[in-house]
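Survey of secondary and tertiary structure
Here are the chains, one letter per residue:
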Amino acid sequence: MKNDKKYLFDNPNNVKRLLHILYACCAILVVLDFVIHRHTLHDWEKLWAFYPIYGFVGCVVLVVIATWMRTFLMRSEDYYDNPTHTDVDKDSLNNITLNDDILNKKGEHHVDD
Amino acid sequence: MWMIELPPFVLFFLGALILLFTRGMLRSAIMIAIPIVSVMHLVMVPEGVHLQFTFIEYQLTPYRVDKLSIMFGYVFHIAALIGIIYSLHLRDTMQQVSAMLYAGSALGAVFAGDLLTLFVFWELLAFTSVFLIWARRTQRSYDAGMRYLIIQVLSGVILLVGTLFYAHENNTLAFGYIGLDSVAGWLILIAFGIKCAFPIAHNWLTDAYPEATVTGTVFLSAFTTKVAVYALARAYPGAEILIYIGAAMTCFPIFFAVIENDLRRVLAYSLINQVGFMVVGIGIGTALAINGAVSHAFNDVIFKGLLFMSMGAVLQMTGRINGSDLGGLYKTMPKTTILCIVGAASISAFPLFSGFVSKSMVMSAALEEGYDWIWLMLLFASAGVFHHAGIKIPYFAFFAHDSGLKANDPPNNMLLAMTISAALCIAIGIYPQALYSLLPYDTGYNPYDATHVLAQTQLLCFSALAFVWLNLKGLYPPELRSTNLDLDWIYRRAIPNALQQMFSAIWQADRALWDSLKLRLNIYLSYFSGKNNRLSILLSRNYPSGSMAMWVAVVLATYLFLSFIE
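Residues numbered from 1 in each chain as written. Chains lettered and ligands numbered in written order. Predicted model: local features only at pLDDT ≥ 70, side-chain atom pairs only at ≥ 80, totals over all residues. Heavy atoms only, no water.

Regarding the overall build of chain B
In terms of helices and strands, chain B carries 21 helices and 3 strands. By the compact-globule yardstick of 24 Å for 566 residues, chain B is too spread out, its C-alpha radius of gyration being 32 Å. Expressed as lengths along the three principal axes of its C-alpha atoms, the size of chain B is roughly 125 × 65 × 55 Å. With 566 residues in all, chain B has 60% of them scored as buried. Across chain B, the fraction of contacts at a sequence separation of at least 24, relative to all contacts at a separation of at least 6, is 81%. Accessible area of chain B: about 22,400 Å², with a carbon and sulfur share of 69%. Averaged over its 31 positive side-chain charges, chain B has a centre that lies 15 Å from the centre of its 30 negative ones. (Helix = DSSP H or I, 4+ residues; strand = E, 2+ residues; numbered from the N terminus. Rg over C-alpha atoms; globule rule 2.2 N^0.38 Å. Buried < 20%, exposed > 50% of the residue type's maximum accessible area, 1.4 Å probe, protein only. Contact = heavy atoms within 4.5 Å. Areas by Shrake-Rupley, 256 points an atom, 1.4 Å probe, with all protein chains shown as cover. Lys, Arg positive; Asp, Glu negative; His and termini not counted. Charge placed at Lys NZ, Arg CZ, Asp CG, Glu CD.)

This is the structure we're talking about:
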């Protein structure tokens, strides 16, 4: 039986709307930085748009490093279930996970489609 | 009512006993009644020592109530009640009894006024909770539970050794400030640290919690680590080393969380991250920081429980928990989705949600005491926790691409438990004064000033923006079916392998040695027998040894005969 019901995010426009709301919020928050007087405890906090930049850059760095960590931490799903895999470097590489295809595979554009 | 000196754990232990003999509705009613009756009792108990006796010249205090312990006492009751409601649909005596005993042990530990009582409950926590992992009844969970038990018991043994040293040095067993200026202090810190999932000792948590049952993980996430946080707050406030340990705990798990596929394991990593904030608070040790640590523990029990419950609901209804298998569930599990988002907003510390009112205290304290770099790490961890727990969990489970899974919202009791948690998250976020009034110190802290709210909202919105940007660019790492190595690789793979190789080498050497020895022996034997043959060829040839024995017997008999006739 096919489920024909349309849900909220089946409509790409709704996704776009949500993203636009997020962009607008971000813009407003940066502007508020100039309007609201903060009680800063630290010099860094006085930098222009310190928190937004720190949050954005921090997350990008986080994801980039985490993705890089996959190159040496990732093993097949049943790695520990199979005690005959003795050689750490070769077995799992041959198995499934770490070929270039998958590592370089980009995430799907979930938000946009 | 009844005696004031009745410690809360007694009721839970009795309850567990009664559960064994009841079935159906009666059992459910008893399970719900126990935490409610117990908390009503606790509310009426004044501060002070309520039970004390002497045991081999040491004062034991199994029941002591003060500001610090009662805070944890309340939240453990709440967690027990929520967990029990969440698991009402179960027909599994083993899980229900062990959950009740586990909650009781946690309560016993926080109200313990001496180290020996603490040790007893410390070990009980391990032995009662492991059944919640084994109750999954798979080989994987059995193995994970075994590893969990070994590490937990090890922590208890170290605590016992530390306690003995402490008793010897100070001639008392009272559990108060211990500090780090003695061997006992360090041993006890290591014992607490293992249960608190300090870096290097953290893998029991990420290993075992995701292997536990749907309902078991909810209980597990509430008690063990928070008992350890309580113990640290009691024994080591202001120990500077805790600041650095805690900061490391906030930062390193988020990298693993980003690439982890099992969503309950993602939550386990973020549990370590949240405990890190508490440990930093305890390390700073000012009134504000301790308040922050304790209130964050209080909130964390509730919102982390909520997140584990929502992921448990997904696992229960779809049979899957890997991010790579899930997606699009908001269509068929809308209530779970909303409740999960409330939990996600709370753990990310959005203003008006519970995480905000407690985490900001720790951050402010770090800044006030001049730990700038620590503060930057905490800020990074705050952005990171939003990234993996706040966005990744709901996004990959309920949105992302449509996995085509058709599920329904979970049974009503599970929804009710989640709703209670979500309501508490929002209530504490909106009216934090209720929580603050329970705290050990009165600092007059107000989280809702423009500076804090704006800074936190900016941080979170731009983290979300980073997620969207990375996703649109296709830079976000896709969820892959995989195992990521962590330090547990050392004892799950490296040490067994090394041992195996060592033993096979030993066996081989052993066999070679014996073989050469036997060869040598054979050579000598044949040499001697050859020589013997040549020497005694006249005497020994053709006479079997039997005849020799017979002749000896004859000679002896003759002697005997002669001796008689003398």
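That covers the picture; the talk isn't over yet.
Digging into the interface of chain A and chain B
Across the boundary between the two partners, chain A contributes 63 residues, which contact 61 residues of chain B. Carbon and sulfur atoms make up 70% of the surface buried where chain A meets chain B, a total of about 6,000 Å² over both sides. Three residues stand out in chain A for area buried against chain B, namely A:Arg70, A:Glu77 and A:Tyr80, and they jointly supply 13% of the buried area on that side. Linking chain A with chain B are 3 salt bridges. The salt bridge involving B:Arg481 is made with A:Glu77; its shortest N-O contact spans 2.7 Å. Where chain A packs against chain B, one counts 17 residue pairs in polar contact (both at pLDDT 80 or more). The leading source of residues in the side of chain A that touches chain B is helix α3 (residues 50-73) of chain A, at 18 residues. Here the side of chain A that touches chain B is composed, by residue class, of 35 nonpolar, 15 polar and 13 charged. Bridge count for strand β1 (residues 74-75) of chain A against strand β3 (residues 483-484) of chain B is 2 bridges, and the pairing is antiparallel. (Buried area = accessible area lost by both parts, 1.4 Å probe. Salt bridge = Lys/Arg side-chain N within 4 Å of Asp/Glu carboxyl O. Polar contact = N/O pair within 3.5 Å; in protein donor to acceptor, adjacent residues only side chain to side chain. Nonpolar A, V, L, I, M, F, W, Y, C, P; charged D, E, K, R; others polar. Pairing = 2+ DSSP bridges.)

Brief notes about the confidence of the model for chain B
Summarising the model, chain B shows a mean pLDDT of 91, and 98% of its residues fall at 70 or more. The ipTM assigned to the predicted complex is 0.83, against a pTM of 0.87. (pLDDT = per-residue confidence, 0-100.)

Describing the state of the cysteines
Taken as a whole, this structure holds 0 disulfides over all chains when the rule is applied. You can see A:Cys59 has no disulfide; the closest cysteine sulfur is in A:Cys26, sitting 11 Å from it. The closest cysteine sulfur to the non-disulfide-bonded B:Cys425 is located on B:Cys340, 11 Å from its own sulfur. Among the residues examined, B:Cys425 registers a relative accessible area of 0% and is labelled buried. (Disulfide = S-S within 2.5 Å.)

Focus: the pairing of strand β2 (residues 58-65) of chain B
Judged by how many residues are buried, β2(B) sits mostly within the fold: 6 of 8 residues are covered. Hairpin connection between strand β1 (residues 48-55) of chain B and β2(B): a loop of 2 residues separates the two successive antiparallel strands, and B:Ile56 in this loop has a positive phi of roughly 40°.

Concerning the nonpolar core
Counting residues in each nonpolar core, the largest one holds 215 residues, and the members touching the most others are B:Phe72, B:Phe192, B:Phe223, B:Leu232, B:Tyr236 and B:Met311. Setting aside anything within four residues of it in sequence, one finds B:Phe72 in contact with B:Val110, B:Lys226, B:Val229, B:Tyr230, B:Val294 and B:Ala297. (Core = buried A, V, L, I, M, F, W, Y, C linked by side-chain atoms within 4.5 Å.)

A few points about the packing of helix α12 (residues 287-318) of chain B against helix α16 (residues 412-430) of chain B
For any two helices packed against each other, the geometry comes down to the angle between their axes and how far apart the axes lie. Residue and element names in this part refer to chain B. Viewed as axis vectors pointing N to C, α12 and α16 meet at an angle of 150°, and their least axial separation amounts to 9 Å. On the basis of the axis angle, α12 is roughly antiparallel to α16. Considering the relative orientation of α12 and α16, their crossing is left-handed. Across the interface between the two elements, Phe-298, Asn-299, Ile-302, Phe-303, Leu-306, Met-309, Ser-310, Ala-313 and Gln-316 from α12 touch Met-414, Ala-417, Met-418, Ser-421, Ala-422, Leu-424, Cys-425 and Ile-428 from α16. Of the residues assigned to the contact of α12 with α16, the class counts are 13 nonpolar, 4 polar and no charged. (Axes fitted to C-alpha atoms, helices over the stretch in contact; angles between N-to-C directions. Parallel < 35°, antiparallel > 145°, perpendicular 65-115°, else oblique. Left-handed = near helix turned anticlockwise from the far one by under 90°.)

Here we look at a nonpolar patch on the surface
Residues and elements named next belong to chain A. Residues Val-31, Phe-34, Val-35, Trp-48, Ile-53, Val-57, Val-61, Ile-65, Trp-68 and Phe-72 make up a contiguous nonpolar surface patch of about 1,000 Å² in total accessible area. Breaking the nonpolar patch down by element, the ones donating at least two residues are α1 (12-35) and α3. Among the elements that make up the nonpolar patch, the one with the highest residue count is α3 (6 residues). Within the fold, Val-61 resides in helix α3. (Patch = residues over 30% accessible without salt bridge, like charges linked within 9 Å, V, L, I, M, F, W, Y side chains within 5 Å.)

Focus: the side chain of B:Arg147
Residue and element names in this part refer to chain B. Position of Arg-147 relative to the elements: it lies in helix α6 (residues 139-170). Judged by relative accessible area, Arg-147 falls into the buried class, the value being 19%. Not counting residues up to four positions away in its chain, the partners in contact with Arg-147 are Asp-207, Tyr-491 and Arg-492.

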